[in-house]
Amino acid sequence: MKIVLISTYELGHQPFGLASPAASLKAAGASVTCLDLAVEALNDRAIAQADLVAFYLPMHTATRLATSFFERIRRLNPTVHLCCFGLYAPVNEAYLRKLGVDTILGGEFESGLIALMRRLRAKEDGPQREPVIALEKQDFLTPDRSGLPPLSKYAFLDLGDNQPRTVGYTEASRGCKHLCRHCPIVPVYNGRFRVVPQEIVLADIRNQVTAGAQHITFGDPDFFNGPGHALPLIQALHAEFPQLTYDVTIKVEHLLKLAEQLPVLRDTGCLFVTSAVEAVDDQILTILDKGHTRANFIRTALLFRENGLTLNPTFVAFNPWISLAGYIDLLHVIRELDLVEQVAPIQYAIRLLIPAGSRLLELPNVQSLVGAFDEAALFYPWAHPDPQVDQLQQTVLQLVQQSEGKGESRRAIFAQIWQMAYQAYLTAENQPATTPIVPALAPPSFVLVDGNRNFTPRLSEPWYC
Ligand code: SF4
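It should be emphasised that the depicted structure is a prediction, and the values quoted were computed from it without experimental measurement.

### Remarks on the site of the ligand
Taken together, Cys176, His178, Cys180, Cys183, Ile185, Val186, Pro221, Asp222, Lys251 and Ala276 make up all the residues around the ligand. Considering only residue class, the shell around the ligand consists of seven nonpolar, one polar and two charged.

This is the structure we're talking about:
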């Protein structure tokens, strides 16, 4: 049985989502070819000879890219069995099936892929029998990265010294025990998470260190969903590789609840923690059901400073509930907490994405806001009640894309956005002259001093959805 596993994009990481099933499928007797189309071309010959082609869909961008390849796959191999697996496969099932996808596997997908392989081997190419969403415990094997492009092809760690460090990527858990309304994990995992055994995670990291990794990104949706798993893991990791650094993603609520563990992160080589702060307006945070408040975020930022740790906050800066004044307020909070160096500029332009199955659709005010599901774009379109906010989002996005292309610093980009936001607010129609949430109306000419002050560790490809 010849299987081709394909990833189209995974934020510049070597995909765990191919390496893990590659190991399981090989152990079950398949011949597996892995293709990461983010860094290599489609291998037409492998596709033409395959019995099964399976696309890994961990995120929105990856899904849209994958669908653009389906026609070519069918042309090269009209009878091949087409499968999509990963987070975005089940929520977009109807559309993917319409495009000719035969099997959809979401959640814990390794066992589903093996079952599919056995079914095809037995010439039972009928309707799908494997569950579309599986959450059962997997028998993980050490991910097989032998067929993937080298780590040097992927995003690197930037410490501001012009010496890029090679980055590896692994996952110690999947899913999440929380139910944030805007999160794409919720429709699939519905408040559950599954761990990868410590010995598998360590073996995977060991292999990547041998392949040159100097830093590891843990791609767990929330590293502190299971602190009893995460903390011994990083301690064991640090004991074996004292020079190795890493980064993780942890929500504000967990960072505060487990504040006494922050020194453990710092002392085991954690260079930064990404945290989905999303907003600084308590009303918006309540709508998103984020489980933290503006005050909680501020407390977390201060705790990080006290502990000598770097916080990498991410935001859904533009959403239907933010006003121009609210956007300025967000910039003020970031500036006052001295987080400008820690926020990737794309975060100032992120617009809320409402994918299929989003819990946001439970809210009457969201139902009345969104249009019909856009199958090709894979989201529910929405327009801000104040078109001037949508206009600002477009201008900020354009600015960020152009400025990053020119290699401008985070401070320089922030200063331009700051001016742009004030300009939009001061010239907009129907805006209150003063507002309690904008702390002070600084003149639009306010510019931050630029420079490489307080450069903080970062990956060369920032996080977004
Ligand atoms: S946003 Fe983060 S904490 Fe919330 S459900 Fe998603 S992964 Fe979990």
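### Structural notes on the environment of Leu82
Residue placement: Leu82 occurs in strand β4 (residues 81–85). Overall, Leu82 belongs to the buried group, with 20 C-beta atoms counted inside 10 Å. The contacts of Leu82, once residues within four sequence positions are left out, are Val53, Phe70, Ile73, Gly100, Val101 and Asp102.

### Considering unusual backbone geometry
Positive phi values are uncommon outside glycine, yet Leu11 reaches one of about 60°. Residue placement: Leu11 occurs in the loop between β1 (2–7) and α1 (16–27). The residue Asn162 is not glycine, and still its phi comes out positive at about 60°. Tracing the backbone shows Asn162 in the loop between β7 (156–158) and β8 (165–170). According to the C-beta neighbour criterion, Asn162 is exposed, with 6 such atoms within 10 Å.

### So, the sheet that holds strand β11 (residues 215–218)
Overall, mixed pairing links the seven strands, which are arranged β14-β13-β12-β11-β8-β7-β15 in an open sheet. Where the open sheet ends on each side, the last strands, each with one partner, are β14 (311–315) and β15 (458–459). When β7 meets β8, the two strands line up antiparallel, connected through two bridges. Note on β8: the bridge partner recorded for Phe156 is Thr166. Lying on the sheet, helix α9 (residues 198–210) is in contact with β8 and β11; it crosses β8 at an angle near 155°.

### A word on the sheet that holds strand β6 (residues 133–134)
Reading across the sheet, the six strands line up as β2-β1-β3-β4-β5-β6 and stay open at both edges, with parallel pairing between neighbours. Here the strands that pair on one side only, and so sit at the sheet edges, are β2 (31–36) and β6. Across six bridges, β1 lies against β2 in parallel orientation. Bridge pairing in β2 links Lys2 to Ser31.

### Focus: the domain arrangement of the protein
Per the domain assignment, the segments making up the protein are domain 1 (2–134) and domain 2 (151–382). Computed from C-alpha atoms alone, the centre-to-centre distance between domain 1 and domain 2 is 27 Å. The interface is formed by 18 residues belonging to domain 1 together with 22 residues belonging to domain 2. Elements that contribute at least two residues to the side of domain 1 that touches domain 2 include exactly α3 (60–67), α5 (88–91) and β5 (103–107). Split by residue class, the side of domain 1 that touches domain 2 holds eight nonpolar, eight polar and two charged.

Procedures and definitions
Residues numbered from 1 in each chain as written. Predicted model: local features only at pLDDT ≥ 70, side-chain atom pairs only at ≥ 80, totals over all residues. Near = placed C-beta within 6 Å. Nonpolar A, V, L, I, M, F, W, Y, C, P; charged D, E, K, R; others polar. Helix = DSSP H or I, 4+ residues; strand = E, 2+ residues; numbered from the N terminus. Buried ≥ 20, exposed ≤ 12 C-beta atoms within 10 Å, placed from the backbone. Contact = placed C-beta atoms within 7 Å. Pairing = 2+ DSSP bridges. Axes fitted to C-alpha atoms, helices over the stretch in contact; angles between N-to-C directions. Domains from an automatic or database assignment.

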